[in-house]
Amino acid sequence: MAVQSMPGMQTAVLKPMSLQEAWLLRAGREAAAVPVAGGSLLRTQWENGAALPPYLLDLRGIPGLADIAADSEGVLVGSQATLAAVKRSKPIRERWPLLHEAVGTIGGPGIRNLGTLGGNAASSIGDSLPALLALEAGLLWYDGAGLAEQPLDEWLDERRTSAEPERRLLAGIRLRESRSEPQAAGGWHCWRKVGRRESFTPSLVSFAASGTMLPGQG
Ligand SMILES: Cc1cc2nc3c(=O)[nH]c(=O)nc-3n(C[C@H](O)[C@H](O)[C@H](O)COP(=O)(O)OP(=O)(O)OC[C@H]3O[C@@H](n4cnc5c(N)ncnc54)[C@H](O)[C@@H]3O)c2cc1C
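Residues numbered from 1 in each chain as written. Predicted model: local features only at pLDDT ≥ 70, side-chain atom pairs only at ≥ 80, totals over all residues. Heavy atoms only, no water.

Attention now moves to the site of the ligand. The environment of the ligand is formed by 34 residues, the closest being Pro 35, Ser 40, Thr 116, Asp 127 and Lys 193. At 2.8 Å from a nitrogen atom of the ligand is found a main-chain nitrogen or oxygen belonging to Leu 170. For the ligand, the protein covers 89% of the area, taking 980 Å² as the surface of the free molecule. Elements represented by at least two residues in the shell around the ligand include exactly strand 3 (33-36), helix 2 (40-47), helix 7 (117-122) and strand 9 (169-176). Top element by residues in the shell around the ligand is helix 2. It accounts for 5 residues. In terms of residue class, the shell around the ligand is made up of 15 nonpolar, 15 polar and 4 charged. Domain assignment of the residues forming the shell around the ligand places at least three in each of domain 1 (2-61) and domain 2 (68-212). (Near = heavy atom within 4 Å. Polar contact = N/O pair within 3.5 Å; in protein donor to acceptor, adjacent residues only side chain to side chain. Areas by Shrake-Rupley, 256 points an atom, 1.4 Å probe, with all protein chains shown as cover. Helix = DSSP H or I, 4+ residues; strand = E, 2+ residues; numbered from the N terminus. Nonpolar A, V, L, I, M, F, W, Y, C, P; charged D, E, K, R; others polar. Domains from an automatic or database assignment.)

Pasting the structure below:
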């Protein structure tokens, strides 16, 4: 683990090399150690006057956490995969085109090169969330003891009602083959984002839907 102090700043950047190390570094510091992925959303909060925390837990150095890996269930998008990498991913473009389209409307190219899908989802306000909800995505959380998947809709409900900040670390986002949209099999989707400007800004409203046209409905 490396600790980096920024000159003239009271914030130390902790650089764990595993989720377990990240968890141990956070223990005892709790809310004082804020996880950071691309930092592109946190940056806007600091620019708007939010105080910098004493510690930033920089998750970018953890090996494998930026991978987009296909397996028998579908695809696991590591929480540190950038929005640009998600947009470039062939399996996502072909099998979950709703997510491909949605991430392409988040920020401009510079923001998509920096910002991650994990940071977008973990913020609980990101524009990827309606698309991930429509795809019934799962969130893979690390809680110090191991990894456990939680349906995204359940987590969002919890966030709405809980006064406690999320303590777990987001390891990845699960897309299931059963919710893919093979066009040849009648898959379809719809994505709309309404903002104050056409692009590069967070939305006022985002809408996502996906489904399959059954034989005889076309
Ligand atoms: C010019 C500009 C335009 C933007 N446009 C959009 C837009 O159109 N739509 C949109 O949704 N957003 C937009 N954003 C906000 C931001 O860029 C995106 O939401 C981005 O996906 C956030 O990802 P990040 O990796 O930078 O997250 P960060 O800023 O690093 O983190 C975001 C939040 O998630 C938490 N977090 C990050 N990783 C984890 C983890 N692994 N486990 C637990 N918690 C974690 C952080 O503590 C923080 O609370 C914009 C920002 C800018 C500056």
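This brings us to the pairing of strand 3. Side chains on a regular strand alternate between the two faces of the sheet. Taken together, the 4 bridges between strand 3 and strand 4 (residues 55-58) define a ladder with parallel strand orientation. Bridge assignment links Val 34 to a residue of strand 4, and that residue is Leu 56. (Pairing = 2+ DSSP bridges.)

With respect to the helices, strands and loops of the structure, Pro 151 is situated in strand 8 (residues 147-151). For the pair formed by Pro 151 and Leu 140, sequence separation is 11 residues and the distance between their alpha carbons is 8.9 Å. Residues within four places of Pro 151 in sequence aside, it is in contact with Ala 137 and Gly 138. (Contact = heavy atoms within 4.5 Å.)

Quick look at the side chain of Arg 26 now. In this structure, Arg 26 sits in helix 1 (residues 19-26). A distance of 2.8 Å separates the side chain of Arg 26 from the backbone oxygen of Arg 167, its partner in a polar contact. Discounting residues that sit within four places of it in the chain, Arg 26 has contacts with Ala 33, Pro 35, Leu 57, Glu 166, Arg 167, Arg 168 and Leu 169.

What follows covers the nonpolar core. In globular proteins that are soluble, nonpolar side chains generally tend to be buried together. Among the nonpolar cores identified, the biggest contains 30 residues, and Val 77, Val 86, Leu 99, Leu 117, Leu 132, Ile 173 and Leu 175 are the most heavily contacted of them. Elements that contribute at least two residues to this core include exactly strand 6 (74-78), helix 3 (83-88), helix 5 (97-103), helix 7, helix 8 (128-134), strand 7 (138-142), helix 9 (152-161) and strand 9. Those residues within four positions of Leu 117 in sequence are excluded, and the remaining contacts are Val 77, Ser 79, Ala 81, Thr 82, Leu 83, Val 86, Leu 99, Val 103, Ser 128, Leu 132 and Ile 173. In terms of nonpolar packing, the next biggest core, distinct from the first, is built from 11 residues, Leu 14, Leu 19, Leu 65 and Tyr 142 among them. (Core = buried A, V, L, I, M, F, W, Y, C linked by side-chain atoms within 4.5 Å. Buried < 20%, exposed > 50% of the residue type's maximum accessible area, 1.4 Å probe, protein only.)

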